[in-house]
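Architecture and fold: a report
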Amino acid sequence: HSNREMWFQEFFPPNVCPINAKANTFYGIMFDAGSTGTRIHIYTFVQKSPENLPEVEGEIFESVKPGLSAYADQPEKGAETVKTLLDMAVDAVPPHLWKKTPVVLKATAGLRLLSEEKAQALLSEVKEVFEESPFLVPEDSVGIMDGSHEGILAWITVNFLTGQLSGQNQQTVGILDLGGASTQITFLPRFEETLKETPEDFLTSFEMFNSTYKLYTHSYLGFGLKAARLATLGALNMEVVDGQMFRSSCLPKQLEAEWHFGGVKYQYGGNKEGETGFKPCYLEVLKVVKGKLHQPDEIRESSFYAFSYYYDRATDTNLIDYEHGGVLEVRDFERKAKEVCDNMERYNSASPFLCMDLTYITALLKEGFGFRDNTVLKLTKKVNNIETSWTLGATFYLLQSLGMTY
Ligand SMILES: O=c1[nH]cnc2c1ncn2[C@@H]1O[C@H](COP(=O)(O)OP(=O)(O)O)[C@@H](O)[C@H]1O
Ligand SMILES: [Ca+2]
């Protein structure tokens, strides 16, 4: 810059000077193609100095339902939903930065459950939408994310946002994510014992912000909230015959309805003559989780951040405030499950699955992962106004691999 262009610099503190702001502001666009919806996250970052971590200055977030997997037989239509969201980024990112702003879409459990062929058809249509956009399209910009990355990147997001990844004395927190089709648990083991007792494929080393973290992480496919509904009904991975009815004691007695998930139609209903309520429901749900998950001893003594469907069901039943989230114990989910399941007529207006969902969450936490009744769960949707999603961690990882950050 010539001196003439810089004349205003002395009037501004360095961090708000327009010239500096231009130099170190950058954007990243991350799509989360989840099993129940597709979401765009447009992040604005500022890197104030090379020795500090970049700061997240803002996030624009929008979503559409259903998810890509619902378009298994119409891949072009699926890609159109992505195009609609991407148009928002064209408006949000200043034109001179379009070419420097990477765009990536990572699909999770919904696409993992589709056939390879159908998933690839969807992904290649999306890739075309990206190629036609003015943004930077890196290699591997569209794909199915590894389950272990899903947990690690959410862990990075939460621990970055809570300030645990910078400075000394890092006290990281573990995370629990409950999606529609899969669920993740991730934490940094503190005890040698945990590392010794853990099967190798539950441990992953990960490099981020010049540190290496050896994390315990696992993604359980088919254990998301909606997949668990199907498993409880005995309908998961079944060739569904038309007219076939799936019944459960977790549903209102007189209920008969249909439900679409992953492009398949299911008919389901209550136990007209048989039992209903928490006790029989818990036994049904128990069959889905018991003995199916690895139980690390260490988590019995820790507290965890929990989001997605843990958050949604806790707000649906007023266990926490929708805006601010809250702190719960595992037993609070059980108390609420009993209340809902044993009074299903009173909760008629809510989702017919409310009892089943709360009972599944209770069983997953207690019998699945092995948490104690008094384990503390911090339910958060946002930290410092940024969504607690794996997408922020994924964007950092992307920027790092492109050499745009440190
Ligand atoms: O950006 C986000 N912030 C917070 N919660 C989100 C965000 N995106 C999705 N969710 C939550 O994720 C859950 C749905 O899971 P999803 O559709 O991602 O399934 P999957 O992870 O099994 O593929 C819902 O509880 C939804 O509220
Ligand atoms: Ca998800």
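Residues numbered from 1 in each chain as written. Chains lettered and ligands numbered in written order. Predicted model: local features only at pLDDT ≥ 70, side-chain atom pairs only at ≥ 80, totals over all residues. Heavy atoms only, no water.

Considerations on the state of the cysteines
Enumeration according to the criterion identifies two disulfides in this entry. At a sulfur-sulfur separation of 2.1 Å, the disulfide partner of C250 is C281. Measuring the twist about the S-S bond at about 105°, one finds the C250-C281 disulfide to be right-handed. Here C281 lies in helix α8 (residues 278-289) and C250 lies in the loop between β10 (245-248) and β11 (256-261), a separation of 31 residues in the sequence. The residues C250 and C281 share a single accessibility class, namely buried. In this model C341 forms its disulfide with C355; the gap between the sulfur atoms is 2.0 Å. Disulfide C341-C355: the torsion about the S-S bond is 100°, which places it as right-handed. With C341 in helix α10 (residues 330-341) and C355 in helix α11 (residues 354-369), the pair connects residues that are 14 residues apart, well separated along the chain. Just as C341 is buried, C355 falls in that class too. If you count the bonded cysteines of the protein chain from the N-terminus, they pair up as 1-2, 3-4. (Disulfide = S-S within 2.5 Å. Helix = DSSP H or I, 4+ residues; strand = E, 2+ residues; numbered from the N terminus. Buried < 20%, exposed > 50% of the residue type's maximum accessible area, 1.4 Å probe, protein only.)

What about the nonpolar core?
In terms of nonpolar packing, the biggest core is built from 61 residues, with L176, Y310, Y360, L365 and F369 touching the most fellow members. With 10 residues, α11 is the largest single contributor of residues to this core. Leaving out residues up to four positions away in the same chain, L176 has contacts with Q184, I185, F304, Y305, A306, F307, Y310, L365, F369, F371 and L377. By size, the runner-up hydrophobic cluster in this structure holds 33 residues, among which are M145, L153, F209 and F396. (Core = buried A, V, L, I, M, F, W, Y, C linked by side-chain atoms within 4.5 Å. Contact = heavy atoms within 4.5 Å.)

Topic: the site of ligand 1
Close to ligand 1 lie 20 residues; T36, T108, A181, D312 and E387 are nearest. Within the side chain of T36, one N or O atom sits 2.6 Å away from an oxygen atom of ligand 1. Here R39 contributes a side-chain N or O atom positioned 2.8 Å from an oxygen atom of ligand 1. In isolation ligand 1 exposes 560 Å². Once the protein is present, 90% of that is buried. The set of elements that each furnish at least two residues to the shell around ligand 1 consists of β2 (38-46) and α9 (309-316). Of the residues in the shell around ligand 1, the class split is four nonpolar, 11 polar and five charged. Here the shell around ligand 1 spans two domains, and each of domain 1 (7-145) and domain 2 (147-388) adds at least three residues to it. (Near = heavy atom within 4 Å. Polar contact = N/O pair within 3.5 Å; in protein donor to acceptor, adjacent residues only side chain to side chain. Areas by Shrake-Rupley, 256 points an atom, 1.4 Å probe, with all protein chains shown as cover. Nonpolar A, V, L, I, M, F, W, Y, C, P; charged D, E, K, R; others polar. Domains from an automatic or database assignment.)

Some words on the domain arrangement of the protein chain
Split by domain assignment, the protein chain resolves into domain 1 (7-145) and domain 2 (147-388). Its C-alpha centre places domain 1 at a distance of 27 Å from the equivalent point of domain 2. When the two sides are added together, the surface that domain 1 and domain 2 hide from each other amounts to roughly 1,500 Å², 73% of it contributed by carbon and sulfur. Area buried by domain 1 at its contact with domain 2 is led by L53, R112 and M145, which between them contribute 34% of it. In this structure, the connection of domain 1 to domain 2 is made through one salt bridge. (Buried area = accessible area lost by both parts, 1.4 Å probe. Salt bridge = Lys/Arg side-chain N within 4 Å of Asp/Glu carboxyl O.)

Observations concerning the packing of helix α5 (residues 147-161) against helix α12 (residues 390-401)
It is at 6 Å that the axes of α5 and α12 come closest, and there the two elements cross at 95°. Taken together, the axes of α5 and α12 lie roughly perpendicular to each other. Between α5 and α12, the residues in contact are E150, L153, A154, I156, T157, F160 and L161 and W390, L392, G393, A394, F396 and Y397, respectively. In terms of residue class, the contact of α5 with α12 is built from 10 nonpolar, two polar and one charged. (Axes fitted to C-alpha atoms, helices over the stretch in contact; angles between N-to-C directions. Parallel < 35°, antiparallel > 145°, perpendicular 65-115°, else oblique.)

Some thoughts on the side chain of T395
Residue position: T395 is located in helix α12. Only 2.7 Å separates the side chain of T395 from the backbone oxygen of T391, close enough to count as a polar contact. When neighbours within four sequence positions are excluded, T395 is seen to be in contact with G28, M30, Y43 and F45.

Structural notes on unusual backbone geometry
Cis rather than trans, the peptide bond between K65 and P66 has omega equal to -5°. Positionally, P66 belongs in the loop between β3 (55-64) and α2 (75-92). Located in the positive-phi region is D140, a residue other than glycine, with phi close to 55°. Mapping D140 onto the fold places it in the loop between α4 (116-131) and β5 (142-144). One non-glycine residue, N210, lies in the positive phi region at around 65°. Mapping N210 onto the fold places it in the loop between β8 (203-208) and β9 (211-221). The exposed category is assigned to N210, whose relative accessible area is 71%.

Comments concerning the sheet that holds β11
The strand order across the open sheet formed by three strands is β10-β12-β11, and the pairing between neighbours is mixed. With partners counted over all chains shown, the strands left at the sheet margins are β10 and β11, one partner each. Averaged over all pairs of adjacent strands, the angle between strand axes in this sheet comes to 35°, irrespective of strand direction. In this structure, β11 lies alongside strand β12 (residues 264-270), joined through six bridges in antiparallel fashion. Its bridge partner being in β12, H260 is matched across the sheet by K265. Seen against the sheet, helix α7 (residues 225-233) touches β10, β11 and β12 and runs at an angle of roughly 130° to β11. (Pairing = 2+ DSSP bridges.)

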